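Survey of secondary and tertiary structure
Take a look at the letters that make up each chain.
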There are 2 protein chains.
Amino acid sequence: MKAHQKDQPGKQGAQEAEIAEAARRAALLALDWGTTSLRAYLLDASGDVLATRVSTAGVMNLPVPAEEGGFDAAFDEACGVWLEHAPTLPVIAAGMVGSAQGWVQAPYVETPASVDALVAGIVRVKTAQGASLCVVPGVLEPGALPNVMRGEETQVFGALHGALHGTQHGTLRGTRHDTQSALIGLPGTHAKWVVVEGGRIARFYTFMTGEIYAALTAHTILGRTMKRPAEPDTHAFLRGVTVAREHGCEGLLATAFSARTLGLTGQLAADEQPDYLSGVVIGHELAGLEVALARRDVTLAQCAPQLIGSDSLCERYRLALEQFGCMRAHLVRHATERGLWHIAMQAGLVGSPR
Amino acid sequence: MKAHQKDQPGKQGAQEAEIAEAARRAALLALDWGTTSLRAYLLDASGDVLATRVSTAGVMNLPVPAEEGGFDAAFDEACGVWLEHAPTLPVIAAGMVGSAQGWVQAPYVETPASVDALVAGIVRVKTAQGASLCVVPGVLEPGALPNVMRGEETQVFGALHGALHGTQHGTLRGTRHDTQSALIGLPGTHAKWVVVEGGRIARFYTFMTGEIYAALTAHTILGRTMKRPAEPDTHAFLRGVTVAREHGCEGLLATAFSARTLGLTGQLAADEQPDYLSGVVIGHELAGLEVALARRDVTLAQCAPQLIGSDSLCERYRLALEQFGCMRAHLVRHATERGLWHIAMQAGLVGSPR
């Protein structure tokens, strides 16, 4: 059959052969399964990505309801073509798939959280096709104001350990980082800032930056006078960051209103307002982080944060961090797949890299 | 005709007689005309309220579009029955009716703003029925982060001067206040805190407390796990205030998330979350105010703020202020109609009270 396909390689046949070949070479199937999307990576024995498949079948967006086999259906749709050719491939997943609303609940591991603790907290679920899915737990920082993460813990260890088993493929190679201590920022809907000490997640902070920005622009008076600029307005953004930095303790409730009053008084054009407000909100996040770090006598200016996220958002954060005297922030790519690989390796799902 | 009504007083006839009698006794028609409502007060020569009419015809909610005579239509609907009997009655209005989206624009008066400055800034607009409507200007505090108000300036002077011409009617009588210096809080969608010095509005602060709370509960993940309690939960509210007070400078972006994580960890029930978050948001407002006041070496604990707003909301603020050591906050009622009366008096629209 394979020979036949080689002799008469139709487009579909060639694709199928490629899939089969990738599956044959694969050492791990790694899933980043969040609220709104499912991202599947096929990794080889060195942890390099052979293939990627992305679906919108997030935990809150399954093709059929969970109680009707929605997780199995989504998993099969995303990964069935690979598992067909490699049914014994180990499978690991991180993210909301391990939450109370997920496929199986993987209870939080408490801070300080090491990779070993995450490995010990892995919960397995059997898929309809017979695969055993290893779900990485999230991390909880207990206390008067607890904090939680699911998925970011995996990215954090990916950022720390990604470079250690880089191969010929540039995409998975990075700068050699300190794996024992770091400050790692994960901008987004619920931005996280994670402090790594002694190779463990020591503590972390959550800021509802992305979600509150979206709510402010879509559901308050501030959005009404806004006009999306043709391209991002860095000047307006940094102006907003500066306002938040200088008025951090007066708070977002006060400074956000300046997007309106500066508009009313002709000092901020309609198409400057979205980036200005973005700067105000991100600036408050960083001002708040600075205060949190100061409780342990750390300043942002001393740190060289690693940023995990989209290039454009991380670049915004890098510029904003400079306003706080933090000049060494840098983007880390492929943290998710690197983290899944690293945890799978520590869990013995895959062999040590060469 | 009047005698006839007296002889055979049908219900409608009695009402009409009452309206005519009130209009005959009236010295001023005073309007609080905001974004979503129009409130009309008929005041006698002592500034006492003879009658009130309320309509939903706010500036953004006119019965017909503004360019098709919407303001005249709304005014006539609310006040026509009175003006019919007293066509020469002076009419004064405050609020968004004087904004760029209002009936006529009454340009902002800058801080420090006295009643005399407001009077000098009054702009008149002729109604279709021939009345001359005097529109009170708003107040602008210029600067790097400007602040604006429209309507609140009138309430502020109402709170300061309301008691000075109280009459037999308890509703318009209050405690005798210092009219030269005060801290006045106006909770709401865009809460204002106004500092009065030398009888003038010296400076003020705006916090988007009400609007951001509404956006958080309706349009972020925080609302999803909330359940409205049967009655307001003061304990949960004060717990939120305390969190904001203790973590003020980390900011709302960080503390708001605790409504979720405390829920996830079983430390905050679903029906405690709305009031807890309300406490967090109001707490951040007061923490921000404390920081703003501190720039002039003032603390909330030293102040005896006057609160203008609904009884229940002002009571929340009074309790929250106590958490900041501010034990002498108190509610001021009828500030709007008192303020309109005072400004009308200063403008010579009505004679001095007896």
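From a predicted model like this one, the values you see are computed outputs, not experimental measurements.

**What about the sheet that holds strand β8 (residues 139-141) of chain B?**
Residues and elements named next belong to chain B.
- Strand order in the open sheet formed by three strands is β5-β8-β9, with mixed pairing between adjacent strands. Edge positions in the sheet fall to β5 (109-110) and β9 (147-149), since each has one partner strand and no second.
- Bridge count between β5 and β8: two bridges; the pairing is parallel. Paired with V109 across the bridge in β8 is V139.

**Concerning the packing of helix α8 (residues 234-246) of chain A against helix α12 (residues 311-323) of chain A**
All names here are of chain A.
- The contact between α8 and α12 brings their axes to 10 Å, and the two run at 45 degrees. As judged from the angle between their axes, α8 and α12 are oblique. Crossing of α8 over α12 shows right-handed handedness. Contacts between α8 and α12 pair T234, F237, L238, V241, T242 and R245 from the former with R316, L319, A320 and Q323 from the latter.

**Observations regarding the interface of chain A and chain B**
- Taken together, the contact pairs 39 residues of chain A with 39 residues of chain B.
- For the side of chain A that touches chain B, the secondary structure elements donating two or more residues are β9 (147-149), β12 (200-207), α6 (209-219), α9 (252-255), α10 (258-264) and α11 (273-294) of chain A.
- Looking at the side of chain A that touches chain B residue by residue, the class counts come to 23 nonpolar, 13 polar and three charged.

**Some details on the pairing of strand β11 (residues 191-197) of chain A**
Residue and element names in this part refer to chain A.
- Of all the seven residues making up β11, six are buried; the element is thus mostly covered by neighbouring parts of the structure.
- Summarising the sheet, strand β10 (residues 182-186) and β11 pair through five bridges and their orientation is antiparallel. Bridge pairing in β11 links L183 to V195.
- Where β10 folds back on β11, the antiparallel hairpin that results is connected by four residues, among which G188 adopts a positive phi of roughly 150 degrees.
- Examined bridge by bridge, β11 and β12 share seven bridges and lie antiparallel to one another.

**Remarks on the relation of the copies chain A and chain B**
- Rotating chain A by 180 degrees and translating it 0.0 Å along the rotation axis places it on chain B, where the RMSD comes to 0.0 Å. Both copies of the chain, as the preceding transformation shows, are related through a two-fold rotation axis. Considering only C-alpha atoms, the part of chain A nearest the rotation axis is A:C249, at 2.3 Å.
- Both copies share a contact surface, since 100% of the interface residues of chain A are interface residues in chain B too.

**Some remarks on the domain arrangement of chain A**
- Domain boundaries assigned for chain A yield domain 1 (2-177) and domain 2 (208-331).
- The gap between the C-alpha centroids of domain 1 of chain A and domain 2 of chain A is 33 Å.

**Structural notes on the nonpolar core**
- Grouped together as the largest cluster of nonpolar side chains are 225 residues, with contacts concentrated most on A:L28, A:I92, A:A93, B:L28 and B:I92.
- If near-sequence neighbours (up to four positions away) are discounted, B:L28 is found in contact with B:L43, B:L89, B:P90, B:I92, B:W341, B:A344, B:L349 and B:V350.

**What to know about helix α8 (residues 234-246) of chain B**
All names here are of chain B.
- With 13 residues, α8 extends 18 Å from end C-alpha to end C-alpha; this agrees with the ideal 18 Å at 1.5 Å per step.
- For α8, every residue scored as buried is listed here: A236, F237, R239, G240, V241, V243 and A244.
- At its buried positions, α8 is contacted by α9 (252-255), α10 (258-264), α11 (273-294) and α12 (311-323).

**Focus: the sheet that holds strand β12 (residues 200-207) of chain B**
Residue and element names in this part refer to chain B.
- Spatially, β12-β11-β10-β13-β14 is the arrangement adopted by the five strands of the open sheet, whose pairing is mixed. Lying at the two open borders of the sheet, with one neighbouring strand each, are β12 and β14 (330-331).
- By the bridge criterion, two bridges tie strand β13 (residues 306-307) to β14 in an arrangement that is parallel. Counterpart to Q306 in the pairing with β14 is H330.
- On top of the sheet, α11 reaches β11 (191-197) and β12; it is set at about 140 degrees to β12, its chief contact.

**Some thoughts on unusual backbone geometry**
Residue and element names in this part refer to chain A.
- At the junction of T111 and P112, the peptide bond is cis and its omega measures out at -5 degrees in the coordinates.
- Despite not being glycine, D297 shows a phi value in the positive range, around 60 degrees.
- Tracing the backbone through its elements, the reader meets D297 in the loop between α11 and β13 (306-307).
- Its 7 C-beta neighbours within 10 Å are what place D297 among the exposed residues.

Criteria and thresholds
- Residues numbered from 1 in each chain as written.
- Chains lettered and ligands numbered in written order.
- Predicted model: local features only at pLDDT ≥ 70, side-chain atom pairs only at ≥ 80, totals over all residues.
- Pairing = 2+ DSSP bridges.
- Helix = DSSP H or I, 4+ residues; strand = E, 2+ residues; numbered from the N terminus.
- Axes fitted to C-alpha atoms, helices over the stretch in contact; angles between N-to-C directions.
- Parallel < 35°, antiparallel > 145°, perpendicular 65-115°, else oblique.
- Left-handed = near helix turned anticlockwise from the far one by under 90°.
- Contact = placed C-beta atoms within 7 Å.
- Nonpolar A, V, L, I, M, F, W, Y, C, P; charged D, E, K, R; others polar.
- Buried ≥ 20, exposed ≤ 12 C-beta atoms within 10 Å, placed from the backbone.
- Least-squares fit on C-alpha atoms with pLDDT ≥ 70 in both.
- Domains from an automatic or database assignment.
- Core = buried A, V, L, I, M, F, W, Y, C linked by C-beta atoms within 7 Å.
- Expected span 1.5 Å × (residues − 1).

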